[in-house]
Amino acid sequence: MASISGCAAVPLSIASLEKVQPSARSCCKGAKELKVRSGFFSGAALRGHAYNTSRKTERSLEVKAQAVSEKIQSAVDVSGPRLSSGKSLVAPTPSDFQSRYKDDEPRKGADILVEALEREGIRTVFAYPGGASMEIHQALTRSSSIRNILCRHEQGEIFAAEGYAKSSGRVGVCIATSGPGATNLVTGLADALLDSVPLVAITGQVPRRMIGTDAFQETPIVEVTRSITKHNYLVMNIDDIPRVIREAFFLAASGRPGPVLVDIPKDVQQQMAIPDWSQPMQLKGYLQRLPRPPEPTLIEQIIRLISSSKKPVVYSGGGCNHASEELREFVELTGIPITSTLMGLGAYPESDPLSLKMLGMHGTVYANYAVDQADLLLAFGVRFDDRVTGKLETFASRSSIVHIDIDPAEIGKNKQPHVSMCADVKPALSEINALLKSQKRTFDFSNWVAELEEQKQKWPMKFPVFEDAIAPQSAIQTLYELTGGNAIISTGVGQHQMWAAQWFKYNEPRRWLTSGGLGAMGFGLPSALGAAATQPDIPVIDIDGDGSFVMNVQELATIFVEKLPVKIMILNNQHLGMVVQWEDRFYKANRAHTYLGDPDHEEQIYPDFCTVADGFKVPNARVVKKDELRAAIQTMLDTPGPYLLDVIVPHQDLRPLLVIVQKVYSPS
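Residues numbered from 1 in each chain as written. Predicted model: local features only at pLDDT ≥ 70, side-chain atom pairs only at ≥ 80, totals over all residues. Heavy atoms only, no water.

**Q** What is the right way to look at the environment of Arg 328 in this model?
**A** Of note, Arg 328 is situated in helix 15 (residues 324–334). Arg 328 sits in the partly exposed class, given a relative accessible area of 26%. Here the alpha-carbon distance between Arg 328 and Ile 338, two residues ten residues apart in the chain, equals 9.9 Å. Excluding anything up to four places from it in sequence, Arg 328 contacts Gly 346, Ala 347, Tyr 348, Pro 349, Asn 507, Glu 508 and Pro 509. (Helix = DSSP H or I, 4+ residues; strand = E, 2+ residues; numbered from the N terminus. Buried < 20%, exposed > 50% of the residue type's maximum accessible area, 1.4 Å probe, protein only. Contact = heavy atoms within 4.5 Å.)

**Q** Just checking my understanding: could you explain the packing of aromatic side chains for this structure?
**A** Centre distance and the angle of the planes are the two values used to describe a pair of aromatic rings. Scanning the model with the defined rule gives 14 aromatic pairs in all. Centroid distance Tyr 315 to Phe 384: 5.3 Å. Interplanar angle 80°. Geometry classified as edge-to-face. Here Tyr 315, found in strand 11 (residues 312–316), pairs with Phe 384, found in the loop between strand 14 (376–380) and helix 17 (386–389); they are 69 residues apart in sequence, far enough to count as distant. Per residue, the accessibility class of Tyr 315 equals that of Phe 384, and both read buried. (Phe/Tyr/Trp six-rings, centres within 6.5 Å; stacked < 30°, edge-to-face > 60°.)

**Q** I tried to follow the nonpolar core on my own but got confused; where do I start?
**A** Counting residues in each nonpolar core, the largest one holds 88 residues, and the members touching the most others are Phe 330, Leu 378, Phe 380, Met 569 and Val 647. Taken domain by domain, the makeup of this core includes at least three residues from each of domain 2 (296–459) and domain 3 (472–659). Setting aside its immediate chain neighbours within four residues, Phe 380 contacts Val 314, Tyr 315, Ser 316, Gly 317, Cys 320, Leu 327, Phe 330, Ile 404, Val 425 and Leu 429. Ranked by size, the runner-up nonpolar core spans 52 residues in total, among them Ala 190, Leu 199, Ile 211 and Ala 532. (Core = buried A, V, L, I, M, F, W, Y, C linked by side-chain atoms within 4.5 Å. Domains from an automatic or database assignment.)

**Q** Can you help me understand the pattern of salt bridges in this one?
**A** Side-chain pairs of opposite charge can arise whenever the charged atoms involved come near each other. Scanning all chains against the criterion turns up 28 salt bridges. Glu 247 is paired through a salt bridge with Arg 243; the nearest N and O atoms lie 2.9 Å apart. Of this pair, Glu 247 and Arg 243 are both found in helix 11 (residues 241–253), four residues apart, which corresponds to roughly one turn of the helix. Glu 247 sits in the buried class, given a relative accessible area of 0%. (Salt bridge = Lys/Arg side-chain N within 4 Å of Asp/Glu carboxyl O.)

**Q** Any chance you could explain the side chain of Thr 514 here in plain terms?
**A** Examined against the element boundaries, Thr 514 turns out to sit in the loop between strand 19 (512–513) and helix 22 (524–534). One polar contact links Thr 514 to Thr 491, side chain to side chain, over a distance of 2.7 Å. Ignoring anything within four residues of it in the chain, the contact list for Thr 514 reads Lys 166, Asp 195, Leu 342, Met 343, Thr 491, Gly 492, Gln 497 and Phe 523. (Polar contact = N/O pair within 3.5 Å; in protein donor to acceptor, adjacent residues only side chain to side chain.)

**Q** What is the right way to read the sheet that holds strand 16 (residues 419–422) from this model?
**A** Backbone-to-backbone hydrogen bonds join strands into a sheet, with any given pair of strands oriented parallel or antiparallel. Reading across the sheet, the six strands line up as 13-12-11-14-15-16 and stay open at both edges, with parallel pairing between neighbours. The open sheet has two edge strands with one neighbour each: strand 13 (355–358) and strand 16. The mean angle between the axes of side-by-side strands here comes to 15°, regardless of whether they run parallel or antiparallel. The pairing of strand 14 with strand 15 (residues 400–405) spans five bridges and is parallel. In the strand pairing of strand 15, Leu 377 is matched with Ile 401. Where helix 18 (residues 425–438) meets the sheet, its contacts fall on strand 14, strand 15 and strand 16, and the angle it forms with strand 15 comes to roughly 125°. (Pairing = 2+ DSSP bridges. Axes fitted to C-alpha atoms, helices over the stretch in contact; angles between N-to-C directions.)

Rendered as structure tokens:
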């Protein structure tokens with residue numbers, strides 16, 4: 001079948017005018033519109049710490065950059081339909097917003113920054129103070145609407161901002177100082193980029209005159225983070241703060257979401273100015289490249305493919321989390337079975353009979369069987385990740401492939417589709433559903449559904465049962481039963497992460513928080529507290545491993561002091577379980593630094609997380625026997641405020657179908 005694409009190329013005249021090459025992530029991931037622009041300098045001016053330019057040279061660069069910017073604005077016509085996010089070109093002041101200052105009253109750059117956040121509707125930030133960001137924190141104390149949650153480590157704060165964004169769908173905000181404070185955000189920025197999390201990270205920087213002099217706590221964070229952010233800024237002019245913050249939030253939330261970093265020197269924070277809130281954004285090139293509305297011809301082509309197929313499967317990913325309603329309607333209208341990636345769990349209810357749960361390396365047998373046998377693969381909001389596809393040449397080899405994704409760089413990057421549409425999944429599915437209903441289309445895939453039901457019965461998810469010990473999967477299953485699925489689940493990275501994906505059923509979007517693309521250990525507790533800050537009425541539970549948990553254990557202080565009711569269930573096997581599993585398979589079970597306990601006293605649990613929790617004044621308990629598990633989890637859920645439950649489990653293989661002991665529990 002010939003490949004049909006709905007991705008429009010960037011006009012060469014625009015690209016050449018902007019003097020920028022499309023990044024590997026194309027327009028939706030790059031947004032590298034102009035690296036030297038009026039009022040601020042990015043990495044091109046700072047590369048190699050070479051920023052010892054004179055004031056005369058600086059003014060010359062500003063004039064040239066402004067001239068280029070004006071040419072772009074005059075050359076590019078931004079049509080309405082491409083502004084798909086619905087964002088305004090100027091600061092979208094909330095209707096209930098009231099400034100603390102008179103219109104003509106000068107205020108510090110830090111106060112302008114905080115007011116810009118207020119105008120974006122921000123009510124919660126995650127910030128840790130330092131020398132280069134003190135002015136921002138002082139300004140935050142003058143805000144009556146923004147709450148700062150003081151995490152105990154900058155990595156904790158950016159993971160918390162991710163949890164906030166993932167669970168709410170809004171842009172998360174974190175703030176750090178220069179140097180080590182800024183570099184501590186790097187892992188979180190990389191994680192947010194890979195998982196498409198809308199995030200604005202604000203960092204303090206040394207004063208402008210000291211940039212490039214190896215000053216105390218100076219790091220060229222714009223250069224450091226260039227390849228792991230959607231865009232970044234170094235603000236050299238106080239008058240640019242309103243526009244830069246507006247652009248940062250727009251970039252973070254529009255197109256394919258991602259992290260944006262804003263670096264602000266301390267002297268800019270201390271300057272006095274009267275802000276101009278009417279400044280328009282200078283993102284003409286980026287706006288030009290935003291995906292157009294879905295093309296009717298492609299919609300009709302997709303429906304024709306569905307009509308002619310006998311074994312279709314929906315392969316949905318994280319790009320469907322904001323389109324859950326449309327996805328559910330599509331499956332209801334067509335009756336097509338659906339499987340999900342790790343990042344897309346909950347977009348379609350796993351309790352539904354048409355759900356095949358997760359596919360891929362750690363997915364169900366029947367989901368992988370369905371993709372292998374399908375004659376049509378409908379890939380919505382996915383990127384054909386290696387943990388899903390395995391060998392690309394054998395993945396969905398019998399299928400015609402339809403790929404809908406908002407990022408044109410993902411179309412054909414790993415797997416070449418037969419029909420592609422570069423569009424937001426939400427309006428694309430809405431158009432497909434509308435056409436299906438208007439044409440009164442009906443489909444009969446009952447034979448295919450029955451075949452997959454046979455596979456479900458033949459290859460159910462199983463886990464081993466021990467005489468007295470607790471199987472980690474049973475702990476998660478019990479948690480699901482006691483909560484009825486009404487919870488937000490966060491995880492670290494490792495075996496416990498996959499067990500949580502397999503054994504807790506996710507029936508709603510934004511209830512599953514994990515580090516997928518980067519696989520960053522230590523993600524669980526901070527992301528849980530971020531979710532608890534924005535979703536106070538939903539139980540938030542961190543299912544963690546002992547290895548991951550200890551990497552950000554300091555955030556126990558945050559959940560206690562901030563009174564965030566985060567529940568922590570540690571599946572403690574005293575090992576780096578996932579690495580142990582690979583050691584068993586490929587290295588003849590040779591243990592290479594994967595035991596986390598005390599080698600001189602292996603009979604003891606080390607570290608003692610209950611004693612650690614006592615030090616942070618967090619209520620806690622430990623459970624070792626399976627007949628005490630249900631009561632222990634219920635106590636955790638019933639206890640007001642934060643709680644830590646240390647569940648001692650044996651270290652074992654992750655594979656759901658592996659029978660480690662002869663007695664195997666198979667849920668009905």
